[in-house]
Amino acid sequence: MKATSITGVYKEKNRIYTENLPCCKGSTVYNERIVYYRDREFRSWNPYRSKLAAAISNGLKISFKTDSKILYLGAATGTTVSHVSDIVRDGWVYAVENSPVAMKKLLYTCGKRHNVIPVLADANHPERYGSIVSGVDFVYQDVSQRNQAEIFKTNVFRYLKKNGEGVLMVKARSIDVSLKPKKAYELVCLELEDAGLKIERRIDLHPYDKDHMVILVSYF
Amino acid sequence: MYLVTKWFGVFLCDEKGVKKKILFPKDEKEISKRLIEIDKNKVLSEEKKIIKNVKEQLVVNEKRLHRYGVYKPNDPFFIEFDIEPRDFGFSENLLHKAAKVVAEEKTLEELKSKDLQIIQMVNALDDLIQVSNLLSERLERWKSISASKKKIQPLENVFSMVDSSIKYFEKQIEDDMRDIAPNLTNIVGPLIGARLIAFAGGLKKLSSLPASTIQVLGAEKALFRYKKEGGKPPKHGVIFQHPYINTAPRKFRGKIARAMSSKISIAVKADVFTKRDIFKELKLVLDEKVKNIKNL
């Protein structure tokens, strides 16, 4: 088990791992593999299940710190949220999800994690969780909506601190099925750049996900 | 002056800092109660109290508070100025607990809503109809080669049970539909209405769809084939099951489907928002339109 250049992410052979939180010792979220190394407990992070793991496997460098505050839009059932909460052990993850069915599962899988703050709300209207969320270091978004660039922008402008970063998972198929994926990515990037965000990196998630791209954005 | 509401209190601030504050009790139940109020678009009693006797113009960043000040969500003050809970003796652990209570309560409430039950029921109904068809086919064949009564009886029992469940669900769906969406039910009937809700994923979601989408709900495969590969777009989705469309001559079906879906969209909006009964007027207009189309 070796530490990687990303805080909190470890590597052994081809797999990546995060260290399980002390409050959840021995428990898994989605039946992932648990590995013990020098009395520490690591959970395997499956790039086929989690787009952030896929992005990291494909070379994405993200600047998480152990005490970062993260706004996570589109938390779904908590697969990726649990690993992010492993990484920012002393920080906070605001997990925003709109579907009550998914939220029920999220509460079940991540309810014990003391640094996850579940929010049942629509990411289209960031002001509705304005009293809960404030000044975050990182915005992570995975919502597969047609207007996902717009959702990202409004949330970044309202909650991201200066010099913060953001990651946007673009699903080309949900932007417009009739467009070629490359064209769809181009559209999203243009919209972000027009709003004054700087695009640091674009990485395709092949072979883990089809027609998906991760965009790393910085904000000054 | 800026009015800021956080999960731990209400604050009046200016550029230099917090001028006036009312903190919430340090208790997860009390905090979650207030968060739910905020979510329901209500103004908290603390908020009313703090702005009493304030003569200056207030600036707010929530639409919920627009009556008390100018709504400026992008005012740089709100982005640069942050109120730390720790400065007021609140730990974020409390927020974790309170947010969990809020999320649990809201999820429960939303999952209880009748339209989600209707979606499950109508899907169950479609499954049952399939099973019933399969069984009746099997029974026919078996009977045609003269089966012994004893051997065929179990299958007959299941068949009659499936049939009675179908009748039960049909009745239940009709009752529930008349309850939550009277206008929609009166225009297209309970079953088609329920299927429309199922395809949209909820009554509220259906109400926010444009008529053109409602027209092809249930024909997604054909629609996306058209968008990707070209050819002809679908004229109708589930609304095809309505006798207005499936008994009309082919060349009129598209036109009738368009007229119908526009009325459906109006009816659902009335069901969700104003809750007025407007189906009589809608039905009159729709009947007139269909008649005109057929006489073209």
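Residues numbered from 1 in each chain as written. Chains lettered and ligands numbered in written order. Predicted model: local features only at pLDDT ≥ 70, side-chain atom pairs only at ≥ 80, totals over all residues. Heavy atoms only, no water.

**Some details on the overall build of chain A**
In terms of helices and strands, chain A carries 6 helices and 12 strands. Taken over C-alpha atoms, the radius of gyration comes to 17 Å for chain A, in line with the 17 Å a tight globule of 220 residues would show. Projected onto the principal axes, the alpha-carbon positions of chain A cover approximately 50 × 40 × 35 Å. A total of 220 residues make up chain A; the buried ones form 60% of that total. Per element, the accessible surface of chain A, about 9,500 Å² overall, is 47% carbon and sulfur. Between the mean site of the 34 positive side-chain charges and the mean site of the 24 negative ones, chain A shows a separation of 4 Å. (Helix = DSSP H or I, 4+ residues; strand = E, 2+ residues; numbered from the N terminus. Rg over C-alpha atoms; globule rule 2.2 N^0.38 Å. Buried < 20%, exposed > 50% of the residue type's maximum accessible area, 1.4 Å probe, protein only. Areas by Shrake-Rupley, 256 points an atom, 1.4 Å probe, with all protein chains shown as cover. Lys, Arg positive; Asp, Glu negative; His and termini not counted. Charge placed at Lys NZ, Arg CZ, Asp CG, Glu CD.)

**Section: the pairing of strand β10 (residues 160-171) of chain A**
All names here are of chain A. Examined bridge by bridge, strand β9 (residues 136-141) and β10 share 5 bridges and lie parallel to one another. Residue pairing across strands places Val-136 opposite Leu-160, the latter belonging to β10. Taken together, the 7 bridges between β10 and strand β12 (residues 212-218) define a ladder with antiparallel strand orientation. When the sheet's bridge partners are listed, Lys-171 is paired in β12 with His-212. (Pairing = 2+ DSSP bridges.)

**Considerations on the interface of chain B and chain A**
Taken together, the contact pairs 30 residues of chain B with 28 residues of chain A. Between chain B and chain A lies a buried interface of about 2,500 Å² when both sides are counted; carbon and sulfur atoms form 57% of it. Counting the contacts that link chain B with chain A gives 1 salt bridge. The tally of links from chain B across to chain A stands at 9 residue pairs in polar contact (both at pLDDT 80 or more). Contributing elements (two or more residues each) for the side of chain B that touches chain A: β1 (2-6), α1 (28-39), α4 (92-112) and α11 (220-229) of chain B. A total of 12 residues in the side of chain B that touches chain A trace back to one element, the largest contributor, which is α4(B). Residues of the side of chain B that touches chain A, tallied by class, amount to 11 nonpolar, 5 polar and 14 charged. (Contact = heavy atoms within 4.5 Å. Buried area = accessible area lost by both parts, 1.4 Å probe. Salt bridge = Lys/Arg side-chain N within 4 Å of Asp/Glu carboxyl O. Polar contact = N/O pair within 3.5 Å; in protein donor to acceptor, adjacent residues only side chain to side chain. Nonpolar A, V, L, I, M, F, W, Y, C, P; charged D, E, K, R; others polar.)

**Description of the packing of aromatic side chains**
Residues and elements named next belong to chain A. Counted by the stated rule, this structure contains 17 aromatic pairs over all chains. When the ring of Phe-64 is compared with that of Phe-138, the centres are 4.7 Å apart and the planes differ by 80 degrees; the resulting orientation is edge-to-face. One end of the pair, Phe-64, is in the loop between α1 (51-57) and β6 (69-73); the other, Phe-138, is in strand β9, and 74 residues separate them in sequence. Here Phe-64 falls in the buried class, since its relative accessible area comes to 2%. Taking relative accessible area as the criterion, Phe-138 reaches 2% and is therefore assigned buried. (Phe/Tyr/Trp six-rings, centres within 6.5 Å; stacked < 30°, edge-to-face > 60°.)

**A look at the layout of surface pockets**
Residues and elements named next belong to chain A. In this structure, the second largest pocket encloses a volume near 400 Å³. If you trace the second largest pocket, you find 24 residues lining it, with Asn-14, Arg-15, Ile-16, Trp-45 and Ser-57 closest to the centre. If you list the elements that add at least two residues to the lining of the second largest pocket, you get β2 (9-12), β3 (15-19), β5 (40-45) and α1. Residues of the lining of the second largest pocket, tallied by class, amount to 10 nonpolar, 8 polar and 6 charged. (1 Å grid on protein atoms, 1.4 Å probe; cavity = no way out; pocket = protein on both sides within 12 Å on 5 of 7 lines; lining within 4 Å. Points joined across faces, edges and corners; volume = space filled by probe spheres on them.)

**Regarding unusual backbone geometry**
Trans is the prevailing form of peptide bonds, just as negative phi is the prevailing case for residues other than glycine. All names here are of chain A. Cis geometry is adopted by the peptide bond preceding Pro-207, which originates at His-206 and carries an omega value of 5 degrees. Here Pro-207 shows up in the loop between β11 (198-204) and β12. The phi torsion at Asn-31 lies on the positive side, around 60 degrees, for a residue other than glycine. For Asn-31, the location among the structural elements is in the loop between β3 and β4 (34-37). Unusually for a residue other than glycine, Ala-76 sits at a positive phi of about 50 degrees. For Ala-76, the position within the fold is in the loop between β6 and α2 (79-87). The class for Ala-76 is partly exposed, based on a relative accessible area of 34%.

**Comments concerning empty space enclosed by the protein**
All chains considered together, the criterion is met by 2 cavities of 30 Å³ or more. One number sums up the size of the largest cavity: a volume of about 130 Å³. Of all elements in the fold, only β8 (116-120) of chain A together with α1 and α4 of chain B reach the threshold of two or more residues within the lining of the largest cavity. At 4 residues, α4(B) tops the list of elements feeding residues into the lining of the largest cavity. Broken down by class, the residue content of the lining of the largest cavity amounts to 11 nonpolar, 1 polar and 3 charged.

**Here we look at the confidence of the model for chain B**
Confidence in the prediction for chain B averages 93 pLDDT; 100% of positions are at 70 or higher. Taken element by element, chain B is modelled with least confidence in helix α3 (residues 76-80) of chain B, mean pLDDT 83, and with most confidence in helix α10 (residues 211-215) of chain B, mean pLDDT 97. (pLDDT = per-residue confidence, 0-100.)

**A closer look at the packing of α4(B) against helix α5 (residues 114-144) of chain B**
Residues and elements named next belong to chain B. Viewed as axis vectors pointing N to C, α4 and α5 meet at an angle of 50 degrees, and their least axial separation amounts to 5 Å. Taken together, the axes of α4 and α5 lie oblique to each other. Along the contact surface, α4 presents Glu-110, Leu-111 and Lys-112, while α5 presents Lys-114, Leu-116 and Gln-117. (Axes fitted to C-alpha atoms, helices over the stretch in contact; angles between N-to-C directions. Parallel < 35°, antiparallel > 145°, perpendicular 65-115°, else oblique.)

**Quick look at the pattern of salt bridges**
Within this structure, the stated rule accounts for 25 salt bridges over all chains. A:Lys51 is the salt-bridge partner of A:Asp142, the closest N and O atoms lying 3.1 Å from each other. Of this pair, A:Asp142 sits in the loop between β9 and α4 (148-159) while A:Lys51 sits in helix α1, and the two are 91 residues apart along the sequence. By relative accessible area, A:Lys51 is classed as buried at 18%. Here B:Asp39 makes a salt bridge to B:Lys106, at a shortest N to O gap of 3.0 Å. Of the two residues, B:Asp39 is situated in helix α1 and B:Lys106 in helix α4; the sequence distance between them amounts to 67 residues. Exposure remark for B:Lys106: the relative accessible area of 13% places this residue in the buried category.

**A short note on the sheet that holds strand β1 (residues 2-3) of chain A**
Residues and elements named next belong to chain A. Sheet architecture is open: 5 strands sit in the order β1-β2-β3-β5-β4, paired in antiparallel fashion. The strands lining the two open edges of the sheet, one partner per strand, are β1 and β4. Here β1 runs beside β2; their pairing, made up of 2 bridges, is antiparallel. From the neighbouring strand, Ala-3 faces β2, where its bridge partner is Tyr-10. Of the strands in this sheet, β2, β3 and β5 are in contact with α2, which crosses β5 at around 140 degrees.

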